[in-house]
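# A structural walkthrough
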Amino acid sequence: MNPPSLFDPLKIGPYELKHRVVMAPLTRMRASRPSLAPRPLNAEYYAQRATPGGLIIAEASPVVATGFGNPGVPGIYTETQIAGWREVVDAVHAKGGFIFLQIWHVGRVSHSSFQPSGALPVAPSAVAIAPEFRAMTADGKVVEYETPRALETGEVPLMVEAYRQAAKNALAAGFDGVEIHGANGYLVEQFLQSCSNVRADQYGGSIENRVRFLMEVTQAAIDVWGANRVGVRLSPYGIANGSGEADPMPLYSHAIKSLDRLGLAYLHFIEPRASGTGRADVDWKNVPSAMVLYRSMWSGVLISAGNFVGESAQSAIAEGHADAIAFGRYFISNPDLPRRLQRGYPLTPYNRATFYGGEEKGYTDYPGHDEMAEA
Ligand SMILES: Cc1cc2nc3c(=O)[nH]c(=O)nc-3n(C[C@H](O)[C@H](O)[C@H](O)COP(=O)(O)O)c2cc1C
């Protein structure tokens, strides 16, 4: 039997994918303001990247107003935002694609200027991100991170409820599933890791306690969607936003084995070599591979992301390290990425200056291969 290929079909939950080139969740900061609802430009961007039977994971979207750390990010907690997302989803479905929504809370990776009434950001513990990392205020100033306010024990279930409501809202918007953002130093990962979680209650201390919030949030999404339409994204060995567990293996082994029992749609890794690609082009050397390390602990579909190009994606699939590969930056600059990879067409380089914020420039104006050939 031939080894599996990037262009073989793959079943994810109830969905029959026609290929394994997934669009990674990408924050682009181009929602309407002040509603923070997706707008027609966003629908056009996603539709350009939709393919029949292809999977898009839509950008991280805060579950509640305290969950933001960047301007112009779309939310998933108001009726207007749900209506905006419905247009995005409809546009992707019209092209025969599938689309999950990544649901998010940044926790301490925020600043009081983003918070309702200018309050301090909330987090598992009152531990600030180290000063070598810089926060951005709502009006664009670069400052040190503030020390967040630790959520009280009684507030944690309310946060879980916010994720549950966001999962319901995503269902109402017509998405095909949701992905829990458990990566990159944001709220869920802040609970997981001992550098950001020094709680003394049932959500801190032992590994089992630190994994509890992830499990409760995931269960809340499962209650709404059923397990086979819920995915989880993790970044073991990542260092984004001041994160990093000194000894990731015991923590992530426990988390992954616990998640594996739930029968989720998929587990999604950010490879450590690409940790922090949102801020700079990196390829950390001599770091372990998440997919290689944890594959044996995961019995379901495994998606991996981080510095892949066609050839390395193809070999990761052929060697059985992952079932699908998510592409971030090259999906920004190549709206027809699956086709280009399949045909071996050259890839258009991305322009980092237009990643975040703005209008169509660097967003919907990247041509497909055929349009370039005609020009
Ligand atoms: C502009 C930009 C925005 C990103 N936004 C998100 C996000 O919203 N959620 C997330 O989990 N990862 C996010 N990431 C990480 C990507 O999903 C992806 O894992 C990373 O870019 C590595 O893949 P690549 O090498 O194919 O770009 C972002 C990365 C970039 C460059």
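This text goes with the structure placed above it.
Now for a quick tour of the structure. All figures in this text were calculated on a predicted structure; none of them were measured in a lab. (Residues numbered from 1 in each chain as written. Predicted model: local features only at pLDDT ≥ 70, side-chain atom pairs only at ≥ 80, totals over all residues. Heavy atoms only, no water.)

## Looking at the overall build of the chain
Each helix and strand counted, the chain has 11 helices and 14 strands in total. A compact globule built from 375 residues should have a C-alpha radius of gyration of about 21 Å, and the chain, at 19 Å, falls within 12% of that. Projected onto its principal axes, the C-alpha coordinates of the chain cover approximately 60 × 45 × 40 Å. Scored against the burial criterion, the 375 residues of the chain give a buried share of 57%. (Helix = DSSP H or I, 4+ residues; strand = E, 2+ residues; numbered from the N terminus. Rg over C-alpha atoms; globule rule 2.2 N^0.38 Å. Buried < 20%, exposed > 50% of the residue type's maximum accessible area, 1.4 Å probe, protein only.)

## A short note on the site of the ligand
In the vicinity of the ligand there are 20 residues, among which Thr27, Gln102, Arg233, Asn307 and Arg329 approach most closely. In the model, an oxygen atom of the ligand is placed 3.4 Å from a nitrogen or oxygen of the Ala60 main chain. At 3.1 Å from an oxygen atom of the ligand is found a side-chain nitrogen or oxygen belonging to Thr277. In isolation the ligand offers 600 Å² of accessible surface; the protein chains occlude 96% of this area. A per-class count over the shell around the ligand returns nine nonpolar, nine polar and two charged. (Near = heavy atom within 4 Å. Polar contact = N/O pair within 3.5 Å; in protein donor to acceptor, adjacent residues only side chain to side chain. Areas by Shrake-Rupley, 256 points an atom, 1.4 Å probe, with all protein chains shown as cover. Nonpolar A, V, L, I, M, F, W, Y, C, P; charged D, E, K, R; others polar.)

## Some thoughts on the pairing of strand 4 (residues 55-62)
The side chains of a regular strand alternate, residue by residue, between the two faces of the sheet. Strand 4 sits mainly inside the fold: eight of its eight residues count as buried. Where strand 4 lies against strand 5 (residues 98-104), six bridges are found, and the strand directions are parallel. Bridged to Ala58 within strand 5 is Leu101. For the crossover from strand 4 across helix 2 (residues 79-94) to strand 5, the handedness is right-handed. (Pairing = 2+ DSSP bridges. Right-handed = clockwise from strand over helix to strand, strands pointing away.)

## Remarks on helix 8 (residues 310-318)
For an α-helix the count is 3.6 residues per turn, leaving residues at separations of three or four pointing the same way. The set of residues buried in helix 8 consists of Ala313, Ala316 and Ile317. Taken end-on, helix 8 shows its buried residues confined to a sector of 95°, consistent with a single buried face. Looking at the buried side of helix 8, the elements it contacts are helix 7 (290-294) and strand 14 (324-327). In the segment just after helix 8, Gly320 is the residue with positive phi, at about 80°. (Arc of directions from axis to C-beta. Contact = heavy atoms within 4.5 Å.)

## So, the packing of helix 5 (residues 207-225) against helix 6 (residues 248-260)
Packing of helix 5 against helix 6 brings their axes to within 10 Å, and their N-to-C directions diverge by 35°. For the crossing formed where helix 5 meets helix 6, the hand is right-handed. Seen from helix 5, the contacting residues are Ile207, Glu208, Arg210, Val211, Leu214, Met215 and Thr218; seen from helix 6, they are Pro250, Leu251, His254, Ala255, Ser258 and Leu259. (Axes fitted to C-alpha atoms, helices over the stretch in contact; angles between N-to-C directions. Left-handed = near helix turned anticlockwise from the far one by under 90°.)

## Regarding the side chain of Arg199
Relative to the helices and strands, Arg199 is located in the loop between helix 4 (187-192) and helix 5. At 2.8 Å, the side chain of Arg199 and the backbone oxygen of Leu151 are in polar contact. Those residues in contact with Arg199, other than ones at most four positions away along the chain, are Ala123, Pro124, Ser125, Leu151, Glu152, Thr153, Val156, Phe191, Gly204 and Gly205.

## Section: the layout of surface pockets
By volume, the second largest pocket amounts to about 240 Å³. Along the wall of the second largest pocket there are 13 residues; nearest its centre are Thr66, Val122, Leu151, Glu155 and Met159. The greatest single-element share of the lining of the second largest pocket, amounting to three residues, is contributed by helix 3 (residues 156-172). Per-class residue counts for the lining of the second largest pocket are nine nonpolar, two polar and two charged. (1 Å grid on protein atoms, 1.4 Å probe; cavity = no way out; pocket = protein on both sides within 12 Å on 5 of 7 lines; lining within 4 Å. Points joined across faces, edges and corners; volume = space filled by probe spheres on them.)

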